[in-house]
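# Overview (structure and organization)
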Amino acid sequence: MVIPKYVPYVIGEKYARTHTQWILEHSKSVQKRILGHRMTIGKRHVLTFVASTDTTVKSRVQNGIITIQVPSVMDYTDPHVQTIALKAATRAVKKEAEDYLPSQLYKISQHYSYNYKSVSVKNMHTRWGSCSSEGVVALNIWLMQVPEELIRYVLCHELAHLKNPHHRQVFWDELATMDPDYKLHRAELKSYHPSLT
C-alpha cells in the first residue's frame, strides 16, 4: 500500500486492515493473470508463443511482434516462460514509450507554452508520471497500455505541475485549460494499473 508522506503510518495501516478482504482478493487475481498468445502489448506489439525444438526459452522483438520460443517440453503458462515473456514485453513497451511519449509531451508543451528541463521514460510501479521542482518530467512506460486520451491527461497533468507543484485548486484550474475533461480522465485512469497485466 502506498500512502502520501504527510499521512501518518497509523492511518494507512488502519485503512489496510479494514480492507483486508479486498486486498487479498485483488492480489490473488493479479497473481493468476497470464500473458497469452496474440495478446496486444502497448500500442503496436503482439505477443506470440511458438513451439521450439531448442531446450531453452528465447525471446525476440521485431517488426511489432514479440516472439517467445517455447521448448516442446514446456507450456506457455510455465512460470519461467512467463518471466521471459514479461521481460521481452517490457523491453518492447519501453522502446515504444521512448519513441512516443517525449515527442507528445513536447508537442503539448509547445502548444501551451510550457518549458521543462528534461524528460525520461521509466518502468514505474505506482505512478504514471512525475515532475520535479527543477522541471524534470518522468513518464511511466505503461502509459502505452492506456487509451490515448488518458496518456494526454497524464502529460498535461505533469506540465501543469511546472507552475503548480501541488494539487491545490490553482493546479486543477491550470490543468483544465489543457484538458477540460480532466475529472473524467482522472477517474478513468484509476481503473488502470501501471503494469503490463
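You'll find the structure just up there.
Everything numeric in this text was worked out from a predicted model, so none of it was measured.

Turning our eyes to something else, we now look at the overall build of the protein chain. On a plain count of helices and strands, the protein chain comes out with six helices and seven strands. Going from N to C terminus, the protein chain has its helices and strands arranged as α-α-β-β-β-β-α-β-β-β-α-α-α. Once the C-alpha set of the protein chain is aligned to its principal axes, its extents read approximately 60 × 45 × 25 Å. Out of the 197 residues belonging to the protein chain, those deemed buried represent 38%. Partitioning the contacts of the protein chain with sequence separation of at least 6, the portion at a separation of at least 24 is 47%. Approximately 12100 Å² of the protein chain is accessible, and the part contributed by carbon and sulfur atoms is 55%. For the protein chain, the distance from the average position of its 25 positive side-chain charges to the average position of its 17 negative side-chain charges is 4 Å.

On to the side chain of Glu-174. Examined against the element boundaries, Glu-174 turns out to sit in helix α5 (residues 169-178). Using a relative accessible area of 18% as the deciding quantity, one classes Glu-174 as buried. When residues no more than four places from it in sequence are discounted, the contact partners of Glu-174 are Tyr-114, Ala-160, Lys-163 and Asn-164.

On to the pattern of salt bridges, then. For the structure on display, the rule yields five salt bridges. Linking Lys-95 and Asp-99 is a salt bridge whose minimum nitrogen-to-oxygen distance equals 2.9 Å. Of this pair, Lys-95 and Asp-99 both sit in helix α3 (residues 79-111), four residues apart, which is roughly one turn of that helix. Residue classification places Asp-99 among the partly exposed residues on the basis of a relative accessible area of 39%. The salt bridge involving Lys-163 is made with Glu-174; its shortest N-O contact spans 3.7 Å. Highlighted residues: Lys-163 in helix α4 (residues 148-163) and Glu-174 in helix α5, separated in sequence by 11 residues. Shared partners join several salt bridges into a network, and the residues in it are Arg-44, Lys-95 and Asp-99.

What counts and what doesn't
- Residues numbered from 1 in each chain as written.
- Predicted model: local features only at pLDDT ≥ 70, side-chain atom pairs only at ≥ 80, totals over all residues.
- Heavy atoms only, no water.
- Helix = DSSP H or I, 4+ residues; strand = E, 2+ residues; numbered from the N terminus.
- Buried < 20%, exposed > 50% of the residue type's maximum accessible area, 1.4 Å probe, protein only.
- Contact = heavy atoms within 4.5 Å.
- Areas by Shrake-Rupley, 256 points an atom, 1.4 Å probe, with all protein chains shown as cover.
- Lys, Arg positive; Asp, Glu negative; His and termini not counted.
- Charge placed at Lys NZ, Arg CZ, Asp CG, Glu CD.
- Salt bridge = Lys/Arg side-chain N within 4 Å of Asp/Glu carboxyl O.

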